[in-house]
Amino acid sequence: EGRLGYKCVFCRKAVPTTDQEYDKQRMNRVEANDPVALRQEGIEQDKKGNYISAFEYYTKSAGLGDLEAHYNLSCLYHNGHGVEKDRE
């Protein structure tokens, strides 16, 4: 016992041990407008091929200052996924 255990750096709760707990915790962070969680949700949507939803999550995350979300947005524009392809 005397150990602190692993805690989430955002909510200080125990780290999820199942996929279901992880998804619930991530969505709580998305609802709280955590830019990292928003980007992660964008990545999940991107993997599923849901580019419009990914674009929305990346845009919100980038607006909150997440630099990696800016990069992910540039990839969507470069590839023309969910947006008009940037030809320049």
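Just so it is clear, the model here is predicted, and its values are computed rather than measured.

Reading the values: the criteria
Residues numbered from 1 in each chain as written. Predicted model: local features only at pLDDT ≥ 70, side-chain atom pairs only at ≥ 80, totals over all residues. Heavy atoms only, no water. Phe/Tyr/Trp six-rings, centres within 6.5 Å; stacked < 30°, edge-to-face > 60°. Helix = DSSP H or I, 4+ residues; strand = E, 2+ residues; numbered from the N terminus. Buried < 20%, exposed > 50% of the residue type's maximum accessible area, 1.4 Å probe, protein only. Salt bridge = Lys/Arg side-chain N within 4 Å of Asp/Glu carboxyl O.

*Asks:* Got a sec to walk through the packing of aromatic side chains? Specific residues and values, please.
*Replies:* Given two aromatic rings, one states the distance between the centres and the angle between the planes to describe the pair. Tallied over the full model, the rule gives one aromatic pair. Taking the centre distance of 6.0 Å and the plane angle of 80 degrees together, the rings of F55 and Y77 count as edge-to-face. A residue pair is termed long-range when its members are at least 10 positions apart, and F55 in helix α3 (residues 51–63) and Y77 in helix α4 (residues 67–79) qualify at 22 residues. With a relative accessible area of 22%, F55 lands in the partly exposed category.

*Asks:* Give a description of the pattern of salt bridges that names residues and reports values.
*Replies:* Considering all chains together, one arrives at five salt bridges under this definition. Linking R26 and D23 is a salt bridge whose minimum nitrogen-to-oxygen distance equals 3.2 Å. Here R26 and its partner D23 are both found in helix α1 (residues 19–31), three residues apart, which amounts to about one turn of the helix. When its relative accessible area of 9% is taken as the criterion, R26 is described as buried. Judged by its relative accessible area of 35%, D23 is partly exposed. D66 is paired through a salt bridge with R39; the nearest N and O atoms lie 2.6 Å apart. Placement of the pair is D66 in the loop between α3 and α4 and R39 in helix α2 (residues 35–47), with a sequence separation of 27 residues. Taken as a pair, D66 and R39 share a single burial class, namely buried. Through salt bridges with shared partners, a single network forms among D23, R26 and E41.

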